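So the chains spell out like this:
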Amino acid sequence: MSTKRFLGYDSDEEGHLIVNRQQAKIVIRLYEEFLSGKTADYIARIFKAEKIRNWDGKYNWHASTLDSMLRNEKYMGDTILQKSYTADFLSKRRVVNDGDLPKYHIKNNSV
């Protein structure tokens, strides 16, 4: 799993996820702010005003980015398998799985 844009985690040499404690505080705050009733847009403005750095060290936050983080099952420790699949093995064309194949929701995944 790539951790370049996965705020709150780094990966070791073997590819295992390691919590980045400094970034994890930002992720925890995001969820706390959202659960207290604030919108992703409002949280983005708060993070910008407080000059909180994102994964690439910049202060630029977008509501769409925060919204995708809030919807990402991996932040809950879960994984959804077969969100996309290879439709044509010759061309290696991948498509989004809109119910063509079963999806599998793995809870408390520590991979």
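Draft legend 1. Here's a closer look at the environment of lysine 74. Within the secondary structure, lysine 74 sits in the loop between helix H3 (63-71) and strand E3 (79-81). Its relative accessible area of 22% is what places lysine 74 among the partly exposed residues. For the pair lysine 74 and asparagine 108, spaced 34 residues apart in sequence, the C-alpha to C-alpha distance is 9.2 Å. Within the local environment of lysine 74, its side chain forms a polar contact with the side chain of glutamate 73, the two groups lying 3.1 Å apart.

Draft legend 2. Expanded view of the pattern of salt bridges. Going through the model one piece at a time under the given rule, you end up with 7 salt bridges. Salt-bridge contacts for aspartate 67 lead to arginine 71; the nearest nitrogen and oxygen are separated by 3.0 Å. With a gap of 4 residues between them, aspartate 67 and arginine 71 both fall in helix H3, about one helical turn apart. Note on aspartate 67: relative accessible area 29%, which makes it partly exposed. The exposure class assigned to arginine 71 is exposed, which follows from its relative accessible area of 66%.

Draft legend 3. Summary view of the pairing of strand E4 (residues 84-88). Pairing of E4 with strand E5 (residues 93-96) involves 4 bridges; the strand directions are antiparallel. Across the sheet, aspartate 88 pairs through a bridge with arginine 93, a residue of E5. Between E4 and E5, which pair antiparallel one after the other, the connecting turn spans 4 residues, and lysine 92 there sits at a positive phi close to 60 degrees.

About the criteria used
- Residues numbered from 1 in each chain as written.
- Predicted model: local features only at pLDDT ≥ 70, side-chain atom pairs only at ≥ 80, totals over all residues.
- Heavy atoms only, no water.
- Helix = DSSP H or I, 4+ residues; strand = E, 2+ residues; numbered from the N terminus.
- Buried < 20%, exposed > 50% of the residue type's maximum accessible area, 1.4 Å probe, protein only.
- Polar contact = N/O pair within 3.5 Å; in protein donor to acceptor, adjacent residues only side chain to side chain.
- Salt bridge = Lys/Arg side-chain N within 4 Å of Asp/Glu carboxyl O.
- Pairing = 2+ DSSP bridges.

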